[in-house]
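# Understanding the architecture of this molecule
Take a look at the letters that make up each chain.
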Amino acid sequence: MQIYDPETAVRPFVKWVGGKRRSLPVLMSYMPEHIDTYVEPFVGGGAMLFALKFKKAVISDLNPELICAYKAIRDDLEGLKKLLQTFKYDKEQFLEVRAWDRDNNFLENRTETERGARLIYLLKTCFNGLYRVSGKGYFNTPFGKLDNPNICDVPTLERAHAFLNEKQVEILNLDYNEVLRRGYITKDAVVYLDPPYAPLNRTSYFTSYAIGDFTDCDQTMLRDYCDVLNANGIRFLESNSTAPIIFDLYRKYAITTLNARRSINSKGTGRGAIKELVIRNYAD
Ligand SMILES: C[S@@+](CC[C@H](N)C(=O)[O-])C[C@H]1O[C@@H](n2cnc3c(N)ncnc32)[C@H](O)[C@@H]1O
């Protein structure tokens, strides 16, 4: 069991849909006390990563802009801060920076640091801090009405930079399947899986973290992935919703229902207490 310590936990550098900050104290109590290699294939804002104790880690997410932000923080903090300091809380600049991804040569024309700075800037200044992309993959959350947002939060960025470097965190932009297939998950690893949740009903279905939805079929494939981890003696802990399909898929594992608090969703509604599941293949 690990104990959440607000003094040592690094604050996530952005708010992220499905972020685990609020449920951390309870979630961490299900984590093994000693972790050599920590692997988080759906890292998002990294609330768990930045709070947990481990020797080394591998993190990954399918969202390439988010991964640019992690890499900029780890490898080019000064460049990132410099850029963020040029970004103002101003609708015209917001729309201009948001539109970078409409450029056909976006990926070639912008450095990882520029893309990371853009992501942080947009999330700090957009409506509800919500990452949302259109069918073409264009960031489309509108400008937010905010009270002086902290666009360049130097202390948080510096702490995240120190953390990622001291722990030699390996940062990947891969589908979760590839993290396993390419051999990043060793026998000693503890894998934390926080996928897009199975919807409780079809209207609460919101999974636009990247292009493509996380369907029931994806949930089944993720369970199969857990079966492979389990068959190889690798410990995993997964968070998911209380949708009936999840109880059904994971019935051979230990399932615990938690009372969690959700901070943001697509409509800004649905705040407050909700239940979620913790699924594990190891004992306390
Ligand atoms: C629930 S969020 C994770 C939230 C995170 N635990 C936090 O505290 O912010 C799910 C993440 O999975 C990523 N994702 C979605 N499909 C994926 C896939 N097939 N492989 C890897 N990552 C994926 C999304 O980009 C998103 O960041």
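Per chain, the residues get numbers from 1 upward, laid out in the order the sequence is written. Note on the predicted model: pLDDT of at least 70 is required for a residue's local features to be given, and 80 or more for side-chain atom pairs to be given and counted; whole-chain, interface and lining totals, by contrast, use all residues.

## Description of the nonpolar core
Defined on buried residues, the nonpolar core groups Ala, Val, Leu, Ile, Met, Phe, Trp, Tyr and Cys residues joined through C-beta atoms within 7 Å. Exposure classification rests on a simple neighbour count of other C-beta atoms within 10 Å of a residue's own: a residue reaching 20 or more is buried, one at 12 or fewer is exposed, and one in between is partly exposed. C-beta atoms are placed from the backbone. Formed by 73 residues in total, the largest nonpolar core has its most connected members in Ile 73 and Ile 120. Where a domain begins and ends is set by an automatic assignment or by a domain database. Two domains each put at least three residues into this core: domain 1 (24–62 + 174–280) and domain 2 (66–155). Contacts are defined on C-beta atoms placed from the backbone: any two residues whose C-beta positions lie within 7 Å are in contact. Once residues lying within four places of it in the same chain are set aside, the contact partners of Ile 73 are Phe 13, Leu 80, Leu 157, Ala 160, His 161 and Leu 164.

## As for helix H5 (residues 91–98)
In DSSP terms, a helix is any run of H or I states spanning at least four residues, a strand is any run of E spanning at least two, and both are numbered starting from the N terminus. Considered for burial, the residues of H5 that qualify are Phe 94, Val 97 and Arg 98. Axial view of H5: buried residues confined to an arc of 100°, hence all on one face. Of the exposed residues in H5, those oriented more than 90 degrees away from the buried face are Glu 92, Leu 95 and Glu 96. Residues of H5 that are buried make contact with helix H7 (112–125). Regarding the arc, it is the one traced by the directions from the helix axis to the C-beta atoms.

## Here's the deal with the pairing of strand S2 (residues 56–60)
In terms of burial, S2 is a largely internal element, four of the five residues being buried. Strand pairing is assigned whenever DSSP detects at least two bridges linking the two strands. Here strand S1 (residues 37–40) runs beside S2; their pairing, made up of four bridges, is parallel. Each bridged residue has a counterpart across the sheet, and for Glu 40 the counterpart in S2 is Ile 59. Looking at chain direction, S2 and strand S3 (residues 170–172) are connected through three bridges and run parallel. By the bridge assignment, Val 58 is partnered in S3 with Glu 170.

## Quick notes on the environment of Ser 60
Inspection of the secondary structure puts Ser 60 in strand S2. For Ser 60, a count of 22 C-beta atoms within 10 Å puts it in the buried group. When the C-alpha positions of Ser 60 and Trp 16 are compared, they lie 15 Å apart, and in sequence the two are 44 residues distant. In contact with Ser 60, other than residues within four places in its own chain, are Pro 41, Val 43, Leu 172, Asn 173, Leu 174, Tyr 176 and Val 179.

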